[in-house]
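Here is what each chain is made of, one letter per residue.
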Amino acid sequence: MKLLILNGPNLKYLGSREPHIYGTKTMEELEGELRELMRSQISDGELELISSDYEGALIERLYQRDFDGLIINPGALSHYSLALSDALSALSVPKVEVHISNVFAREQERQNMVTAKNVDVVIAGAGPRVYAMAMEYLVEIYLRKTGIHV
Ligand code: DQA
């Protein structure tokens, strides 16, 4: 199983960016934890994590179609990018949108969820562990689909 994790603008600065909102864990530390979790969950698991500040780079990566499940944190693009939303709509693998903060309890402009309309599941507000929650969900779906039971 290949899992792609895509992070949008500003997320590569996790740990130093507004730690009172997003915490002090860096994206590198988080990636290490997620790799370990993936290993513990599935024997043939592969994980690719990309953080980009560029909308087009995220869209181009989505169209490569070489993964079985997607975790995406589009950052601020979640609230206005019809282009990214369209790319998600055209993608048929299981997809989960995650948000570290509870966007629904924040400013009014963050209530507009554009990309969330084109994913299967949205997880928000649990801190950086939203990525692990999404991974557990996607691995379970994959194992169920492929008939492998653990
Ligand atoms: C975020 C929430 C967005 O509103 C914000 O623009 C981000 C991070 C989150 O993970 O909580 O960059 O996606």
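Structure: see above.
Residues numbered from 1 in each chain as written. Predicted model: local features only at pLDDT ≥ 70, side-chain atom pairs only at ≥ 80, totals over all residues. Heavy atoms only, no water.

K.L.:
What's the story with the environment of proline 74 in this structure? I'm lost.
P.N.:
Take proline 74: it is sitting in the loop between strand S3 (69-73) and helix H4 (82-89). A relative accessible area of 0% places proline 74 in the buried class. C-alpha separation for the pair proline 74 and asparagine 10, spaced 64 residues apart in sequence, amounts to 9.6 Å. Beyond its immediate sequence surroundings of up to four residues, proline 74 is in contact with Gly8, Pro9, Leu84, Glu97, Val98, His99 and Thr115. (Helix = DSSP H or I, 4+ residues; strand = E, 2+ residues; numbered from the N terminus. Buried < 20%, exposed > 50% of the residue type's maximum accessible area, 1.4 Å probe, protein only. Contact = heavy atoms within 4.5 Å.)

K.L.:
Just checking my understanding: could you explain the sheet that holds strand S1 (residues 2-7) for this structure?
P.N.:
Through backbone hydrogen bonds, the strands of a sheet pair up, either in parallel or in antiparallel fashion. Spatially, the five strands line up as an open sheet ordered S2-S1-S3-S4-S5, and their pairing is parallel. At either margin of the open sheet sits one strand with a lone partner, and together these are strand S2 (46-51) and strand S5 (121-124). Taken over all neighbouring pairs, the strand axes of this sheet differ in orientation by 15° on average, direction set aside. Relative to strand S4 (residues 95-99), S3 runs parallel, the two being bridged by three bridges. Counted as the bridge partner of leucine 70 is lysine 95 from S4. Helix H2 (residues 27-41) contacts S1 and S2 of the sheet and is inclined by roughly 165° relative to S2. (Pairing = 2+ DSSP bridges. Axes fitted to C-alpha atoms, helices over the stretch in contact; angles between N-to-C directions.)

K.L.:
For this particular structure, what's the right way to read the site of the ligand?
P.N.:
Taken together, the residues surrounding the ligand are Arg17, Tyr22, Asn73, Gly75, Ala76, His79, His99, Ile100, Ser101, Val103 and Arg110. At 2.8 Å from an oxygen atom of the ligand is found a side-chain nitrogen or oxygen belonging to histidine 99. Measuring from an oxygen atom of the ligand, one finds a backbone N or O atom of isoleucine 100 at 2.8 Å. In isolation the ligand offers 320 Å² of accessible surface; the protein chains occlude 99% of this area. Grouping the amino acids of the shell around the ligand by side-chain chemistry returns four nonpolar, five polar and two charged. (Near = heavy atom within 4 Å. Polar contact = N/O pair within 3.5 Å; in protein donor to acceptor, adjacent residues only side chain to side chain. Areas by Shrake-Rupley, 256 points an atom, 1.4 Å probe, with all protein chains shown as cover. Nonpolar A, V, L, I, M, F, W, Y, C, P; charged D, E, K, R; others polar.)

K.L.:
Can you walk me through the environment of glycine 8 in this structure?
P.N.:
With respect to the secondary-structure elements, glycine 8 resides in the loop between S1 and helix H1 (19-22). Separated by 47 residues in the primary sequence, glycine 8 and glutamate 55 place their C-alpha atoms 7.2 Å from one another.

Everything listed is a geometric property; what it means functionally is a separate question.
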